[in-house]
Amino acid sequence: MAGESREQWNSRTGFIFAAVGSAVGLGNMWRFSYLTAENGGAAFVVLYLLLTLVIGLPVMLAELTVGRGAGKSPIQALAHYGGPRWRGLGAVFVAAGFIILSYYGVIAGWTLRYAGEALVTGFADDPGLHFRNIREGSGAFLFHVFFMGATIGIVAGGVKRGIERVAVIAMPALFFLVCAVALYAATLDGAGAGYRYYLNTDFVNAWSLDVLVDAAGQAFFSLSLGMGAMLTFASYLPRESHLPNESLLIASADFGVAFLAGLMVFPLIFALGLSGDVSESTLGALFVALPKAFAAMGAAGRVVGLLFFIALVVGALTSAISLLEVVVSATIDGLNWSRLQSTLVMGLAITALGAPSAWNIGFLEVMDKVANNLFLLGGGLGLSIFVGWVMKDPTGEVAVGAEGVPWFGLWRGLLRFVVPAFLIVVLWNSVPATLRAVWGLISAS
Ligand code: PFF
């Protein structure tokens, strides 16, 4: 059923907005600013940019190539080029979608709640205490349910009428909001301290293996790589699309918004001398320091804060859509379910799986580590080996619609040697720490 009537994007712009929507999300605004603050400011930004170019871009192009070439969801697409043994990697992709969306929905639920509060009551006087009160429990679960309800509703609408229609409105709006907030932040007294922190640092001392691991995990998470999200979106592309251009555009937009997010977050925090709150937890910057800054700015803060949290909700929503689409497309193709049935069953299952994260922030943080450091990096390793060594003629496939691009040999070389070697080093360092975190969680409960 799925084969002959496979959906397609309405237009190239629709695909680009949907793919950028997948990439731009909480990762850009929450994780990127937090990791940058923790890991030495500009040094981290530069390292991250390098990784995006040398590791992220080749893997992105690999996902697009397999997805468009096979015209199938991840499990079937890998089997199409590599035989049934490769279905396992596709199953890992789908599992990653399940896990990530289950906790991503909880964080998105907090942002939804903050946006609602900014509108109705204004920001709490003591955001630290407020965040501790709302981040766990039935309230957190309820907002996760609201957020998941919206995600399910859009994905059930289908590729053209659901995902694309939302993305072409949401992404320009998000970009506009981020620029507006960044411009406002630039007008604050003391914004300079924020920029200095963000853009000047001691490069040599800031780079270490731990920072590299963080930057690699962040690059995969932020670019939505290593779990077949880009692959799935590319499976709805027509054959003539120019994949190298699309990859470049998606990666640049993703880096651009992350960079802009830093330009809004740091001046806001530093202008009010709140940098101490950032390190309270990984979520401190977003849910404690910024609301504190907004609260201290009176009426203007409330408006800017509202716009900021709306931007976060929009970014989270278009990313969540792609996470759900990976799982849904797998059941449409694999089990021959209708889109409606797949979306409802899988969406509700993921919503329920969010319960432990909604009731226990320690669980949520461990899930985030497992998802990034095991699933996405491991998935990226599997995929680069697949396209580098197993798939018969990836350079022939990628060249369709992109004839004359001179660097496909370099691309294949990166996928064969550089990307796997890099990911093995990173995984070697991140896996033990991740397993220790999982063990800590199990033994604490
Ligand atoms: N890229 C999204 C973000 O930065 O928030 C998160 C994400 C979406 C990760 C889709 C993985 C994915 F497949």
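Residues numbered from 1 in each chain as written. Predicted model: local features only at pLDDT ≥ 70, side-chain atom pairs only at ≥ 80, totals over all residues. Heavy atoms only, no water.

1. So, the pattern of salt bridges
Stated precisely, the cut-off is as follows: For this document, the term salt bridge refers to a Lys or Arg side-chain nitrogen within 4 Å of an Asp or Glu carboxyl oxygen. Where helices and strands are cited, they refer to DSSP runs of H or I of at least four residues and of E of at least two residues respectively, numbered from the N terminus. In this scheme, a residue with accessible area under 20% of its type's maximum is buried, one over 50% is exposed, and one in between is partly exposed, where area comes from a 1.4 Å probe on protein chains only.
Applying the stated criterion to the full structure yields eight salt bridges. Across the salt bridge formed by Glu 325 and Arg 339, the nearest N and O atoms sit 2.9 Å from each other. Linking Glu 325 in helix H16 (residues 298–335) with Arg 339 in helix H17 (residues 339–353), this pair joins segments that are 14 residues apart in sequence. In this pair, the class of Glu 325 matches that of Arg 339, namely buried.

2. Re helix H13 (residues 243–271)
Under the convention used in this document: Every helix has an expected span of 1.5 Å times one less than the residues it contains.
Over its 29 residues, H13 runs 42 Å from end to end, which matches the ideal 42 Å to within 8%, given 1.5 Å per residue. Once H13 finishes, Gly 273 follows within two positions and takes phi at roughly 65 degrees, a positive value.

3. Considering the site of the ligand
Here is the rule we go by: Proximity is defined per residue: any heavy atom of the residue falling within 4 Å of a molecule or strand makes that residue near it. A 3.5 Å cut-off defines polar contacts: any pair of N or O atoms within that distance qualifies, except that in protein one atom must be a possible hydrogen donor and the other a possible acceptor, and neighbouring residues in sequence count only when both atoms are side-chain atoms. Using the Shrake-Rupley algorithm and a 1.4 Å probe, accessible areas are obtained, with residue cover drawn only from the displayed protein chains.
Contacts to the ligand come from 15 residues, most closely from Ala 23, Gly 27, Tyr 104, Phe 221 and Met 227. One of the backbone N or O atoms of Ser 22 is found 3.1 Å from a nitrogen atom in the ligand. At 3.3 Å from an oxygen atom of the ligand is found a side-chain nitrogen or oxygen belonging to Asn 28. Contact with the protein chains removes 100% of the 340 Å² of surface that the ligand exposes when unbound.

4. So, the packing of aromatic side chains
Definition in use: Aromatic rings from Phe, Tyr and Trp, taking only the six-membered ring of Trp, are treated as a pair when their centres fall within 6.5 Å; an angle between ring planes under 30 degrees marks them as stacked, one over 60 as edge-to-face, and anything in between as tilted.
Applying the stated criterion across every chain yields a total of 31 aromatic pairs. Taking the centre distance of 5.1 Å and the plane angle of 25 degrees together, the rings of Tyr 197 and Phe 270 count as stacked. Of this pair, Tyr 197 sits in helix H9 (residues 191–199) while Phe 270 sits in helix H13, and the two are 73 residues apart along the sequence. Here Phe 270 falls in the partly exposed class, since its relative accessible area comes to 22%. Consider the rings of Tyr 198 and Phe 266, whose centres lie 4.9 Å apart with planes at 25 degrees: the pair is stacked.

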